[in-house]
Amino acid sequence: MQDRQMSQRQLADSMGCSPQYVSRLLKGEENLSLETICKLEQALNVSILQNELA
């Protein structure tokens, strides 16, 4: 978020969730579902999970 100069509210808007939910995620109070991880990846334009086929 800091690299992209993005606030919690902006991240929440990008993910389609509440700022309170983002706050709980950042504090580690919420479990990350695959759906949430995908939303984070899209909102931040980063790859959190990598699909590596050997």
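These notes cover the structure that comes with them. (Residues numbered from 1 in each chain as written. Predicted model: local features only at pLDDT ≥ 70, side-chain atom pairs only at ≥ 80, totals over all residues. Heavy atoms only, no water.)

1. Here's the deal with the overall build of the protein chain
From N to C terminus, the protein chain includes three helices and zero strands. Each helix (α) and strand (β) of the protein chain, taken in turn from the N terminus, gives the series α-α-α. Taking the principal axes of the C-alpha coordinates as reference, the protein chain spans close to 40 × 25 × 20 Å. Sorting the 54 residues of the protein chain into buried and exposed places 26% on the buried side. Of the contacts formed within the protein chain by residues at least 6 apart in sequence, a portion of 32% connects residues at least 24 apart. Surface accessibility of the protein chain: about 4300 Å² in total, with carbon and sulfur atoms responsible for 44%. Here the protein chain carries 5 positive and 7 negative side-chain charges, and the mean point of each set is 8 Å from the other. (Helix = DSSP H or I, 4+ residues; strand = E, 2+ residues; numbered from the N terminus. Buried < 20%, exposed > 50% of the residue type's maximum accessible area, 1.4 Å probe, protein only. Contact = heavy atoms within 4.5 Å. Areas by Shrake-Rupley, 256 points an atom, 1.4 Å probe, with all protein chains shown as cover. Lys, Arg positive; Asp, Glu negative; His and termini not counted. Charge placed at Lys NZ, Arg CZ, Asp CG, Glu CD.)

2. What about the pattern of salt bridges?
Applying the stated criterion across every chain, the model contains two salt bridges. A salt bridge links Glu30 to Arg24, with the shortest nitrogen-to-oxygen separation between them at 2.9 Å. Taking the relative accessible area as the measure of exposure, Arg24 reaches 31% and is therefore partly exposed. Residue Glu35 is joined to Lys39 by a salt bridge in which the shortest nitrogen-to-oxygen separation is 3.4 Å. On the criterion of helical spacing, the pair formed by Glu35 and Lys39 is a turn pair, its members being four residues apart in helix 3 (residues 34-44). (Salt bridge = Lys/Arg side-chain N within 4 Å of Asp/Glu carboxyl O.)

3. Let's talk about a nonpolar patch on the surface
A surface patch of nonpolar side chains, about 360 Å² in accessible area, is lined by Leu34, Val46, Ile48 and Leu49. Residue position: Ile48 is located in the segment after helix 3. (Patch = residues over 30% accessible without salt bridge, like charges linked within 9 Å, V, L, I, M, F, W, Y side chains within 5 Å.)

4. Notes on the environment of Ala43
Within the fold, Ala43 resides in helix 3. Separated by 38 residues in the primary sequence, Ala43 and Gln5 have C-alpha atoms spaced 12 Å apart. When sequence neighbours within four positions are dropped, the list of residues in contact with Ala43 reads Met6, Leu11, Ser14 and Met15.

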